[in-house]
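Architecture at a glance
Here's the letter readout for the chains.
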Amino acid sequence: LKGNLEVPSSGVVLITGENGVGKSTLCHYLFEEKILPQKVVWTESHQFRSIYPITVHSILALYKENGTNIDLERYQLLYSLFKMSEWSERVWSELSSGQGQMLKLLMGLSLQAKTYLLDEPAHFLDQEKLHALSEVITSISKESLVIIIDHRIDWFNGKMDKHYQLQRKDQTIMVEQL
């Protein structure tokens with residue numbers, strides 16, 4: 001890694017770059033080396049599936065009952081913005097990619113944390129959901145750090161505190177602040 005990557009204690013930091021440049025590798029490094037503050041929530045865009053016939057409603061009920069540090073106001077806001085009541089009775093394994101992404105974002109962003117590490121949060125989401133996500137991230141960033149790792153930033157309408165672009169030169173990941 002070559003270049004400076006300054007991370008404030010709160011606000012929004014965007015890290016962009018082409019496929020294969022090392023954005024997700026950087027996420028793993030920041031998380032595993034404990035460089036980020038305590039209480040990190042990390043959501044990845046990879047699709048998950050369950051072999052169990054459990055509904056979204058059941059998953060969320062278990063999540064709320066057993067979860068600690070859940071911001072119920074933010075949970076309700078995301079549930080409403082993502083229009084989850086329209087598909088909450090669907091079985092987890094039958095969710096579309098976008099619905100799976102919204103479920104992961106709801107579960108991750110509803111937790112209270114000092115740092116949120118969002119790896120490609122815009123993946124699979126339509127414009128309406130991207131606008132809602134942008135508003136929630138802006139709200140969270142007033143008290144916590146939100147690091148967004150994505151290929152593009154055109155979906156994010158909020159204020160960016162830092163924007164870094166990654167490029168690969170041979171075996172070195174170059175960090176440039178924009």
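Residues numbered from 1 in each chain as written. Predicted model: local features only at pLDDT ≥ 70, side-chain atom pairs only at ≥ 80, totals over all residues. Heavy atoms only, no water.

Focus: the overall build of the protein chain
Check the secondary structure of the protein chain and you find 5 helices and 6 strands. Reading the protein chain from its N end, one meets helices and strands in the order β-α-β-α-α-α-β-α-β-β-β. Long-range contacts, defined as pairs at least 24 residues apart, comprise 75% of the intrachain contacts of the protein chain with a sequence gap of at least 6. When the accessible surface of the protein chain is split by element, carbon and sulfur atoms take 49% of a total near 9,600 Å². (Helix = DSSP H or I, 4+ residues; strand = E, 2+ residues; numbered from the N terminus. Contact = heavy atoms within 4.5 Å. Areas by Shrake-Rupley, 256 points an atom, 1.4 Å probe, with all protein chains shown as cover.)

Considerations on the confidence of the model for the protein chain
Residue-level pLDDT values for the protein chain average 83, and 87% of them are 70 or greater. At the low end of the mean pLDDT range in the protein chain sits strand β2 (residues 40–44), at 60; at the high end sits helix α5 (residues 127–140), at 92. (pLDDT = per-residue confidence, 0-100.)

Regarding the pattern of salt bridges
Per the stated rule, a full pass over the model turns up 6 salt bridges. Between lysine 159 and aspartate 161 there is a salt bridge, and its shortest N-O distance comes to 2.4 Å. By relative accessible area, which is 57% here, lysine 159 ends up exposed. A relative accessible area of 33% places aspartate 161 in the partly exposed class. One connected set of salt bridges, linked through shared partners, spans Lys83, Asp126, Glu128 and Lys129. (Salt bridge = Lys/Arg side-chain N within 4 Å of Asp/Glu carboxyl O. Buried < 20%, exposed > 50% of the residue type's maximum accessible area, 1.4 Å probe, protein only.)

Focus: helix α4 (residues 97–109)
Taking 1.5 Å as the rise per residue, α4 with 13 residues should run 18 Å; its terminal C-alpha atoms sit 18 Å apart, in good agreement. Of all the 13 residues making up α4, 11 are buried; the element is thus mostly covered by neighbouring parts of the structure. Every buried residue of α4 is listed here: Gly98, Gln99, Gly100, Gln101, Met102, Leu103, Lys104, Leu105, Leu106, Gly108 and Leu109. (Expected span 1.5 Å × (residues − 1).)

Some details on the packing of aromatic side chains
Going through the model one piece at a time under the given rule, you end up with 2 aromatic pairs. Relative to tyrosine 79, the ring of tyrosine 75 lies with its centre 6.2 Å away and its plane at 20°, an arrangement referred to as stacked. Of this pair, tyrosine 75 and tyrosine 79 both sit in helix α3 (residues 72–81), 4 residues apart, which is roughly one turn of that helix. Its relative accessible area of 4% is what places tyrosine 75 among the buried residues. The interplanar angle of 80° and the centroid separation of 5.8 Å between the aromatic rings of tryptophan 155 and phenylalanine 156 together place this pair among those described as edge-to-face. As far as burial versus exposure is concerned, tryptophan 155 and phenylalanine 156 are alike and both buried. (Phe/Tyr/Trp six-rings, centres within 6.5 Å; stacked < 30°, edge-to-face > 60°.)

Remarks on the side chain of serine 110
Examined against the element boundaries, serine 110 turns out to sit in the loop between α4 and β3 (115–119). For serine 110, the side chain forms a polar contact with the main-chain oxygen of leucine 106, separated by 2.6 Å. Among residues more than four places away in sequence, those in contact with serine 110 are Tyr63, Asn69, Ile70, Asp71, Arg74, Tyr75, Leu78 and Leu105. (Polar contact = N/O pair within 3.5 Å; in protein donor to acceptor, adjacent residues only side chain to side chain.)

Here's the deal with the pairing of strand β6 (residues 172–177)
With 6 bridges connecting them, strand β5 (residues 162–169) and β6 associate as antiparallel partners. Paired with glutamine 165 across the two strands is glutamate 176, which belongs to β6. Between the end of β5 and the start of β6, which pair antiparallel, lie 2 residues, with aspartate 170 showing a positive phi angle near 55°. (Pairing = 2+ DSSP bridges.)

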